[in-house]
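Chain by chain, the residues run as shown.
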Amino acid sequence: MCTSIAALNVGPLFGRNLDLEYAFGEQVVITPRRFSFSFHQRPDLSEHFALIGMAAVANHYPLYAEAVNEKGLYMAGLNFPGNAYYPPAAPGDAMAVAPYELIPLVLGSCARLAQAREMLSALRLAAIPFAPGYPLAPLHWHIADASGCLVMEATREGIQLYDDPAGVLTNNPPYPLQLANLNNYMHLSARPPENRFSPALDLHPVGQGMGAIGLPGDWSPQSRFTRACFLKENALWGDTREDAIAEFFHILDGVAMVRGSVITPEGKPDITTYSCCIDAADCIYYYKTYGNNQLSAVHLHCEDLEGRQLYSYPLDMDQKIRHVNAVPGRCGK
């Protein structure tokens, strides 16, 4: 369960909530240009664009959940269970790519969305896990840069590429159904409603926010898609980049999961383990975690991008609180 957002009119800014009932060793990881990406059936990518994003590092390899490259191209993988399908790989098929290889390959090779579209249209996703014992994650992908957004879905019908005018992706159902569902909410507004029920009745709003009555408030993927679209389209982004980044996190908060509000079939609480916002213009990765809502920022261009070794930054998980007037020895315990 996740929500990915692309705000093209403010920077652009990209990011997502990652909703999960467990940690997967996630940390912010910078991959410099000369780190060698190896692939199962393709030649190694020994030189490429630098990347920054959230990843688990296994066997010295970054398994990215989402990332942006130094050119401002963003890509995120989101859960797509029951619909994602990867056929077996034909031996020697150089166009066959494992799901975990997709983000490094595309972001390492493509500077623009148009190039990514061309590459993705020629690839074949294959049922190749990272290593024995690693699950084959059922995913679809959100790809964006300053020029637009794209959704890639691999189903039994093959790979589908969809333009994403909403700039939002969640999980199931497939993207065309998510977009079509917005037709059911075209009457919603951030403004106060007018009396269209009956001119003969003295009807008027009894509180703020009634223009959005009917906006779904649950955490299902389709409801989060609708709510994220509504919040994004009505957001007032402020005058500065800092204002826009703060607004982006407020939108993500609007579709985030509170511990206990969603229980998995296994009886575990699904939570928003982290939220991130990527300033694609300056390649700065901002994030906060469920346990610490203070923003942290990791800068791509503050490291040596000509290197060959990964830079990894463990997440700051403990809540930071600024005590405004506390004086030791005078404030009780």
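Preceding this section is the structure that the text describes.
Residues numbered from 1 in each chain as written. Predicted model: local features only at pLDDT ≥ 70, side-chain atom pairs only at ≥ 80, totals over all residues. Heavy atoms only, no water.

**Focus on the overall build of the chain**
1) Next: When you go through the chain residue by residue, the secondary structure sums to five helices and 16 strands.
2) Next: Compactness check: the chain gives a C-alpha radius of gyration of 21 Å against a globular reference of 20 Å for 333 residues, within 12% of the reference.
3) Next: Projecting the C-alpha coordinates of the chain onto the three principal axes gives extents of approximately 75 × 65 × 45 Å.
4) Next: Within the chain, residue pairs in contact and separated by at least 24 positions form 67% of the contacts whose partners lie at least 6 positions apart.
5) Next: For the chain, the computed accessible surface area is about 16300 Å², with 54% contributed by carbon and sulfur atoms.
6) Next: A distance of 3 Å separates the average location of the 23 positive side-chain charges in the chain from that of its 33 negative side-chain charges. (Helix = DSSP H or I, 4+ residues; strand = E, 2+ residues; numbered from the N terminus. Rg over C-alpha atoms; globule rule 2.2 N^0.38 Å. Contact = heavy atoms within 4.5 Å. Areas by Shrake-Rupley, 256 points an atom, 1.4 Å probe, with all protein chains shown as cover. Lys, Arg positive; Asp, Glu negative; His and termini not counted. Charge placed at Lys NZ, Arg CZ, Asp CG, Glu CD.)

**What about helix α1 (residues 102–109)?**
1) Next: Across the eight residues of α1, seven count as buried, placing the element largely inside the fold.
2) Next: Residues of α1 that are buried include every one of L102, I103, P104, L105, V106, L107 and G108, and no others. (Buried < 20%, exposed > 50% of the residue type's maximum accessible area, 1.4 Å probe, protein only.)

**Notes on the pattern of salt bridges**
1) Next: Counting across every chain of the model gives twelve salt bridges.
2) Next: A salt bridge links E233 to K232, with the shortest nitrogen-to-oxygen separation between them at 3.5 Å.
3) Next: By relative accessible area, which is 56% here, E233 ends up exposed.
4) Next: The salt bridge partner of D253 is K288, with a shortest N-O separation of 2.8 Å. With a gap of 35 residues between them, D253 in helix α5 (residues 241–253) and K288 in strand β14 (residues 284–289) connect regions that are remote in the sequence.
5) Next: For D253, a relative accessible area of 36% translates into the label partly exposed.
6) Next: It is possible to trace a salt-bridge network through shared partners that takes in R33, R34, E47, E70 and E306. (Salt bridge = Lys/Arg side-chain N within 4 Å of Asp/Glu carboxyl O.)

**Brief notes about unusual backbone geometry**
1) Next: A cis geometry characterises the amide bond from G11 onward to P12, with omega recorded as 0°.
2) Next: Looking at the element boundaries, P12 is found in the loop between β1 (2–7) and β2 (13–20).
3) Next: Each neighbour pair has its own omega, and for N172 with P173 the value is 0°, a cis peptide bond.
4) Next: Tracing the chain through its elements places P173 in the loop between β12 (168–169) and α3 (175–181).
5) Next: Despite not being glycine, H60 shows a phi value in the positive range, around 65°.
6) Next: Among the secondary structure elements, H60 is positioned in the loop between β4 (51–58) and β5 (61–69).
7) Next: With relative accessibility at 68%, the residue H60 sits in the exposed group.
8) Next: A positive phi is found at C283, a non-glycine position, where the angle reads about 55°.
9) Next: Considering the arrangement of structural elements, one finds C283 in the loop between β13 (271–279) and β14.
10) Next: Relative accessible area serves as the criterion here: at 0%, C283 is assigned to the buried category.

**Description of the sheet that holds β14**
1) Next: Spatially, six strands are ordered β12-β1-β2-β13-β14-β15 in an open sheet, and the strand pairing comes out antiparallel. At either margin of the open sheet sits one strand with a lone partner, and together these are β12 and β15 (296–299).
2) Next: Of the strand pairs in this sheet, β2 and β13 are connected by eight bridges, and their pairing is antiparallel. By the bridge assignment, D19 is partnered in β13 with T272.
3) Next: Against the sheet, helix α4 (residues 221–234) contacts β1, β2 and β12, and its axis sits at roughly 25° relative to β1.
4) Next: Together, β1, β2, β13 and β14 form the strand contacts of α5, whose direction differs from that of β13 by roughly 155°. (Pairing = 2+ DSSP bridges. Axes fitted to C-alpha atoms, helices over the stretch in contact; angles between N-to-C directions.)

**Observations concerning the environment of D270**
1) Next: Within the element layout of this structure, D270 appears in the loop between α5 and β13.
2) Next: According to the relative accessible area criterion, D270 is buried, its value standing at 4%.
3) Next: In this structure the C-alpha to C-alpha distance between D270 and G211, which are 59 residues apart in sequence, comes to 30 Å.
4) Next: Excluding residues within four positions of it along the chain, D270 makes contact with M1, D19, L20, E21, M257, V258, V262 and T264.
5) Next: Within the structure, D270 has its side chain in polar contact with the backbone nitrogen of L20 (distance 3.0 Å). (Polar contact = N/O pair within 3.5 Å; in protein donor to acceptor, adjacent residues only side chain to side chain.)

**Some thoughts on the packing of aromatic side chains**
1) Next: Evaluation of the coordinates by the stated rule reveals ten aromatic pairs.
2) Next: Geometrically, the ring pair formed by Y285 and Y287 is tilted, given 6.4 Å between the ring centres and 45° between the ring planes.
3) Next: By relative accessible area, which is 0% here, Y285 ends up buried.
4) Next: Through successive ring pairs, a cluster of aromatic residues spans F35, F37, Y61, Y100, F130 and Y134. (Phe/Tyr/Trp six-rings, centres within 6.5 Å; stacked < 30°, edge-to-face > 60°.)

**With respect to the nonpolar core**
1) Next: Counting 52 residues, the largest nonpolar core has L13, V28, I52, W237, F248 and Y285 as the members making the most contacts within it.
2) Next: Per-element accounting of this core gives the leading share, six residues, to α5.
3) Next: Residues in contact with L13, not counting those within four places in the same chain, are I5, A6, A7, R241, A244, I245, F248, C277, I278 and D279.
4) Next: V29, A84, A96 and L102 belong to the second-largest nonpolar core, a separate cluster that totals 43 residues. (Core = buried A, V, L, I, M, F, W, Y, C linked by side-chain atoms within 4.5 Å.)

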